[in-house]
Amino acid sequence: MKKRAVAILMAALTASTMFAVPTFAADYSGEDPQLEKNIKILTIWAEDNDNGVLLNKICEDYQKNVNPNFTWEYEMVASDNLQQKIATLAASNDLPDLFAYEAGAPLSVLIDSGKVKDISEAVDEIGTADCLNSGAVELLKGLSGTDDLYDLPLGLNVEGFWYNKALFEQAGCEVPTTWDEFEEVLQKLSDAGIQPLTTGGSDKWGATRLINAYAVRTAGNDIMTKAADGEVPYTDEKLVAAADKLAEWAEKGYFGEGITTVDMNTAGSMLMSGKAAIFYNGSWFTQNLTDDSQNPAGEDGIGFFNIPVADESVSSATSYSMNCGNILALDNDKYDEATGWFLKYFMENIGNLAMEEQGTVKGYTYDVTADDMDGYTKLVLDEIDKSTEGFAWWEAKMPSEISKTAQENVQPLLNGEMTGEEYMQSIQDVYDMQ
């Protein structure tokens, strides 16, 4: 459905007449001029849920505290209908002023057709570039394959390795910072009779995240973008080595028995209950860690470390695997000075609002702390603050058929039925047929 929606959108935009967008110059250094403006907002969240709460609250605050002449209309659409809805609106030149969408290929269609506002241009004009987290900016640019930013984050997650502190202490292990140290920790845990790793082999994506971890640290943050763009083949020796690394760990018994039957929830439970020492997952795992009924390790029993570095010049310790969830885009035709003033308020305040209301980071700077923040959430926020750039997950740049192959074949790779070279060749074969 998503692939079809993008195709429909591309065809419609090719057939539609493109109009020049009028330019304007405004001075955003003074007080808000309280221009009359009604904006339409389209999202996938109910008004009383998740980002819907924040979007409506920021509008209410702007109207109440800054511009009484500002109004808004809020519409929700089911997430699986979002691309089709946007395709229809874009084809009729009737996109909402502000709308939720998907980063990467879907957004790229709108960028190429000139439908969405250049956010880099906008933030330079309104003076809010420093309100954005730099890691989120680099990640979104990378997903779009553009030098400028065309979307705003509505979430910011980091990924990495969660570890059981008691098992590390039992085996005499320190938190690794380099890849060589990481390999030594895995062996040391194994020698102590502790299962070093667990992952969701049945869910598949957890295992491909591990391939991505090694690939990025040895071949660069943009290696999967280069592969998707045809600059390097998926059979590149460094990508083959990354796939071989996963197979090597499985062969050494680092994942224990039957890893392809373990889902991500079970893998997380194994970490928290002390049945495995290390588990790769994202910052969303804190919802499990903060649940006393799920986490026998307690409020300080699990730690986190970023993917260890193989070569700082290839991929730095301050670059993280990140994702921003669904994003916000602005219609290019409807963007005007009044929208610019609202955008300025939005970017200057959404970071604090998200922290105050939900204790979450949305990809913007903030200077307040949630009163009831738990230790695990603080740990994640500290990691996000360290980030200077982000890179995407293994399948982020893959079209659906390639992504499907990459995930389906990771199980034979784990089971020793397929080599790293065969695994990567299977991906390349599908790529060549596209």
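Scroll up for the structure.
*Asks:* Would you explain the sheet that holds strand β3 (residues 98–101) in this entry?
*Replies:* One key point about sheets: their strands pair by backbone hydrogen bonds, in either a parallel or an antiparallel sense. Pairing is mixed across the open sheet formed by five strands, whose spatial order is β2-β1-β3-β10-β4. Looking along the sheet, the strands with just one partner apiece sit at the ends: β2 (70–76) and β4 (152–153). With seven bridges connecting them, strand β1 (residues 37–43) and β2 associate as parallel partners. Along β2, the bridge assignment pairs T43 with M76.

*Asks:* I'm lost on the packing of aromatic side chains in this one. Help?
*Replies:* The way to describe two aromatic rings as a pair is by their centre distance and the angle between their planes. In total, this model carries 24 aromatic pairs according to the counting rule given. On the numbers, 4.8 Å between centres and 50 degrees between planes, the contact of Y28 with W341 is tilted. Placement of Y28 in the loop between α1 (2–15) and β1 and of W341 in helix α14 (residues 337–358) is noted, with a sequence separation of 313 residues between them. Residue classification places W341 among the buried residues on the basis of a relative accessible area of 4%. Geometrically, the ring pair formed by F161 and Y280 is edge-to-face, given 5.2 Å between the ring centres and 80 degrees between the ring planes.

*Asks:* How do you make sense of helix α2 (residues 50–65) when you look at a structure like this?
*Replies:* Given 3.6 residues per turn, any residue in an α-helix points the same way as the ones three and four places further on. Look at α2: 23 Å from first C-alpha to last across 16 residues, which is about the 22 Å you get at 1.5 Å a residue. If you check which residues of α2 are buried, you get N51, G52, L54, L55, N56, I58, C59, D61 and Y62. Contact partners of the buried residues in α2: β1, β2, β10 (327–330) and α14.

Parameters and conventions
Residues numbered from 1 in each chain as written. Predicted model: local features only at pLDDT ≥ 70, side-chain atom pairs only at ≥ 80, totals over all residues. Heavy atoms only, no water. Pairing = 2+ DSSP bridges. Helix = DSSP H or I, 4+ residues; strand = E, 2+ residues; numbered from the N terminus. Phe/Tyr/Trp six-rings, centres within 6.5 Å; stacked < 30°, edge-to-face > 60°. Buried < 20%, exposed > 50% of the residue type's maximum accessible area, 1.4 Å probe, protein only. Expected span 1.5 Å × (residues − 1). Contact = heavy atoms within 4.5 Å.

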